[in-house]
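So you can see what is in the structure, the chains are spelled out below.
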Amino acid sequence: MNAVGPALAAVGGLAVAGALAGGLAPARVRPLAAGLCTAGLGAAGVVAGAAALGGARYGVWLPGLLPLAGVRLAVDPLSGLFMAVTGAVTVAVAVYGVGYASPGGGMHGGRGPGDEDAAGSAGGRHAGSDAHEPRDALAAGGGDHGVRSRGAQAVGPVFAGAMVLVPAAGSVSTFLLLWELMALASLLLVLAEHRERPTVRSAGLWYAVMTHLGLVLLLVGLALFAARAGGESFAALRAGAGGMPAGVRGTVFVMTALAFTSKAGLAPLHAWLPRAHPEAPSHVSALMSAAMVNLGVYGLLRVGFDLLGGGPAWWWLLLMGAGALSAVYGILQAAMASDLKRLLAYSTSENLGLVVLGTGAAGLFRAAGDRPLAALALAAALLHVVNHAAFKALLFCAAGSVLRATGLRDLDRLGGLRARMPVTAGLFALGALGAVALPPGNGFVSEWLLLQALVHGLAVPGAAAAVVLPVAVAVIALSAGLAAAVFVKALGVGFFARPRSAGAGRAVESPPAMLAGMALLAACCAALALVPGALGPALTRAVRAAGVGTEKPLADGELGVHLAHTSAALHPLWVALALVAGTAAVAGLARLPARRRARRRDARLWDCGGGAPTARMAYTATSFAEPLQRVFDDVLAPEQDVDVTPVRESAYLVERVRFQRLVPDRIEHRLYRPLLAAVSGLADRARGLGGGSVHLYLGYGLFGLVAVLAALVVGW
Amino acid sequence: MGGLLRKIRGTGRVAEAAPPRPEADPLPAARELGGSVQVRCVDAGSCNGCEIEIGNAFGPVYDAERYGVRLVASPRHADVALVTGPVTRNMAEPLRRTVAAMPQPAIVVAVGDCALDCGEFAGGYGVEGSVVDMVSVDVSVPGCPPEPAAIVTALRTLTGR
């Protein structure tokens, strides 16, 4: 009995049911109904994915469901892995989303204790109840905008369902349809809070334009592929790919890779990601950052390895370059960011960069004929996809809890949350541990595997490998080091010390539904960190399905990770136990002298006679990042502006000093700004063509038709 | 560099010969310091005459450091507070906090007549009282201002060297 089919049907059915529930249910039960449907859909996705990872294959053609092409689904272990990851993230985030959309919290209701004295304090503008009360009442009653609105609640399940189903697509038309459904649904969700902040609109515009440029590239690339292969089902593409000339194969790969890397948020096509992910409601950010970007990787693997059947080394060097660039660039920008969600979005760019680096390495090894090593690199990349999904969903959910409780995303104004939101702080710390790629976090295991693959890859012949692989190792090391600084900043500045604004001071712990969702993700992180070896057989099947290697990259049946073809082995469980024992021993030793000398004296904090230190004297995120900014000054090119205004009587008496510093996204500055200027210049000039004369327009039509006919005659 | 070395050679030793060790027994509290005394200066409202003499006491001629006394920058590091001047209103609380911030045993040395009885400034509108009125004083050095040698002698009773 194949469980994949019924599970996929359940995903589709629950997506429709969730959309109906979100659109029709009364406002009081709306988030619960839509959330339950979404969670059920995610669970069905996990079931389908697990069955596929267990070796079940499934294919079906439903010609009646869609005119002309019909819907074709095909599931193998590779799709299964991505379906399972997406489904698992969806379950946890759906549970979290029920709490997130419930009334209350500093951002929506402003019902924290001590609201009366909010006026005039630093955070009062954001979290004060005066400005939000009328709108909040409106949202609770009619629900015409925001996370709780009919629209957002109805689109949520559709988005989740489309994401779970994208890897199940078995033909070009089905794939593109689901892909576009996912993009449009996520766009609507990004725009959910457009009335609260004007930045949401600009983020939505960027996202809409970039995702649709990606769709155009994908459409053209896959249409070209299907036309040359003589069929649009994936089986036909697989069969036809071998006979295609190298130029066409290369064109197809580059076009689809551009679209897929843009979806995965890789530099230089990342510009939408740090805009759209922070501005979306936080549970949507979690879904986008932990599940949707993965599908870009899925597309790369499906088209590059499976459908095109691999390719020459330059394809993969291209991918490795993009991956390395966005790994370093993403984490550098994250180090500079003081917006918590923006920081997490750039960290997504970094982690997907590492995944694509691993994918590129797998392709390079495969092109060089070293199949076992290729399988290892791809297994490492896939494991990192799983790990990143777990910790990034957790981090975005925790950031959403902070946002909901304080109304703030700016790390410079947060602080003191460890005492006020202890559970959220602990969960964020767990996610951050995964993200810094240090033991005993879950990110460590996959980055270690990736490094193993790259270091052993030095034996691969060829000048390219000899140059690229050491650089890639250095890139991973640098990004891991910077990631430690980034997450020390996020956790230390955001959660420890004293609150730096009234909003942060008023924070209260999140409702149980949100904590439950985050606890699920935290459990996944812990399991992945302690017993990653349990995923070994599933990874092996997924790698085999991608057509990279038939060998086992990891030895089966072990709690630790043993590489099958080299002697390397890692036991994360023992590492974690040793760390816990070591920490306990050090803590115990530190207590010993204190116990011996029991005489203690309570004294006032020494403040150098300057009065009690205030929260404004504490380290901020910006000051924490300052040394790093100085080190990477040439790369980041920060813009600094000091404006000194003297009093009228004397140039030596300063009335006001205004200091402004901005770390712009340099790629965006150099690449997008000239491009946008050129496009709008062209558009301005094109305006001259429309003179208002009907005769002119008829003339354009005639010349256009003649040109097309001439091109057809000459070209075909 | 060469100029500096030449200057050192040309100047030679300017420190005066060490006077004999003071006969008085060191304070019981100072005994646990073992001959190494860290000193924090507090100007509680002095005319700065005493500060000049303290500066000379730690200068090359009197060189108090050779007896184991060292100036430090925070009361958290200090064993001894060297307080000068009549205690003004604004310095009364900081002085108490400074002494409270020092590790036990906190020894207070009052330097100059003002520190002992407000001297010239007694009865001034901004004067709160003498150091003796604010904190418990262990050693006092009279004089207006006291000579550096007197300050060094008082500190040597603490180091015992």
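Owing to the predicted nature of the structure, the values given are computational and were not obtained by experimental measurement. (Residues numbered from 1 in each chain as written. Chains lettered and ligands numbered in written order. Predicted model: local features only at pLDDT ≥ 70, side-chain atom pairs only at ≥ 80, totals over all residues. Heavy atoms only, no water.)

(A) Main features of the overall build of chain B. From N to C terminus, chain B includes seven helices and seven strands. Taken from N to C terminus, the helices and strands of chain B fall in the order α-α-β-α-β-β-β-α-β-α-β-α-β-α. What you see for chain B is a C-alpha radius of gyration of 17 Å, in line with the 15 Å of a compact globule of 161 residues. Considering only C-alpha atoms, chain B reaches an extent of 55 × 35 × 30 Å along its principal axes. (Helix = DSSP H or I, 4+ residues; strand = E, 2+ residues; numbered from the N terminus. Rg over C-alpha atoms; globule rule 2.2 N^0.38 Å.)

(B) The arrangement of the pattern of salt bridges in detail. All chains considered together, the criterion is met by 13 salt bridges over all chains. Between D684(A) and R687(A) there is a salt bridge, and its shortest N-O distance comes to 3.7 Å. Overall, R687(A) belongs to the exposed group, its relative accessible area being 63%. Two residues, E93(B) and R97(B), come together in a salt bridge whose shortest N-O distance is 3.4 Å. Taken together, the residues span about one helical turn, with E93(B) and R97(B) both in helix α4 (residues 89-101) at a distance of four residues. Since its relative accessible area comes to 28%, R97(B) is described here as partly exposed. Counted as one network, the salt bridges with shared partners bring together E193(A), R197(A), E279(A), D339(A) and R409(A). (Salt bridge = Lys/Arg side-chain N within 4 Å of Asp/Glu carboxyl O. Buried < 20%, exposed > 50% of the residue type's maximum accessible area, 1.4 Å probe, protein only.)

(C) Here's a closer look at the environment of A519(A). Residue and element names in this part refer to chain A. You can see A519 is positioned in helix α21 (residues 512-530). Since its relative accessible area comes to 38%, A519 is described here as partly exposed. Sequence-wise, A519 and L394 are 125 residues apart; in three dimensions their C-alpha atoms are separated by 8.4 Å.

(D) Geometry of the packing of aromatic side chains. Residue and element names in this part refer to chain A. With the rule as written, the count across this model stands at 16 aromatic pairs over all chains. Aromatic side chains W315 and W316 sit 6.0 Å apart centroid to centroid with 50° between the ring planes, which places their arrangement in the tilted category. In this structure W315 comes out as buried when scored by relative accessible area, which is 1%. Measuring from centroid to centroid gives 4.8 Å for F428 and F495, while their planes differ by 35°, and the two rings are tilted. Of the two residues, F428 sits in helix α17 (residues 422-435) while F495 sits in helix α19 (residues 463-495), which places them 67 residues apart along the sequence. A residue is classified by how much of its surface remains accessible, and F428, at 0% relative accessible area, is buried. Joined through ring pairs, the aromatic side chains of F253, F305, W314, W315 and W316 make up one cluster. Lying over the aromatic face of W206, R275 brings its terminal NZ or CZ to 4.0 Å of the ring centre. (Phe/Tyr/Trp six-rings, centres within 6.5 Å; stacked < 30°, edge-to-face > 60°. Lys NZ or Arg CZ within 6 Å of the ring centre and 35° of its normal.)

(E) A look at the sheet that holds strand β2 (residues 69-71) of chain B. All names here are of chain B. Read from one edge to the other, the open sheet built from five strands follows the order β2-β1-β3-β5-β7, with strand pairing classed as parallel. Two strands close off the open sheet at either side, each with one partner strand: β2 and β7 (139-141). Taking the axes of each pair of neighbouring strands and ignoring which way they run, one obtains an average angle of 30° across the sheet. Bridging between strand β5 (residues 107-111) and β7 involves three bridges; their strand directions are parallel. Each residue of the ladder has a partner; that of A110, found in β7, is S140. Sheet strands touched by α4: β1 (37-43), β3 (80-84) and β5. Its angle to β1, the strand with the most contacts, is close to 170°. (Pairing = 2+ DSSP bridges. Axes fitted to C-alpha atoms, helices over the stretch in contact; angles between N-to-C directions. Contact = heavy atoms within 4.5 Å.)

(F) Region of the structure containing the nonpolar core. Ranked by size, the top nonpolar core spans 204 residues in total, and within it F175(A), F225(A), M288(A) and F487(A) carry the most contacts. Of the residues forming this core, the biggest block, 26 residues, is contributed by helix α15 (residues 371-406) of chain A. (Core = buried A, V, L, I, M, F, W, Y, C linked by side-chain atoms within 4.5 Å.)

(G) Here's a closer look at the environment of G431(A). Residues and elements named next belong to chain A. Its location among the elements puts G431 in helix α17. G431 gets classed as buried once you look at its relative accessible area, which sits at 0%. C-alpha of G431 to C-alpha of A526: the two residues are 95 residues apart in sequence and 9.3 Å apart in space. Excluding its chain neighbours within four sequence positions, the residues that come into contact with G431 are F391, L394 and L395.

(H) Here's a closer look at the UniProt feature "domain: NADH:quinone oxidoreductase/Mrp antiporter transmembrane" (unreviewed entry) in chain A. According to UniProt, the feature "domain: NADH:quinone oxidoreductase/Mrp antiporter transmembrane" (unreviewed entry) maps to residues 169-459 of chain A in the numbering used here. As annotated, residues 169-459 of chain A comprises 79% helix and 0% strand, and the C-alpha atoms at either end are separated by 38 Å. (UniProt positions renumbered as here; feature names shortened; annotations may be inferred.)

(I) Local environment of helix α24 (residues 621-631) of chain A. Inspection of α24(A) places A621(A), A625(A), L628(A) and Q629(A) among the buried residues, and these make up the whole buried set. Looking down the long axis of α24(A), one finds its buried residues gathered within 105° of arc, a one-sided arrangement. (Arc of directions from axis to C-beta.)

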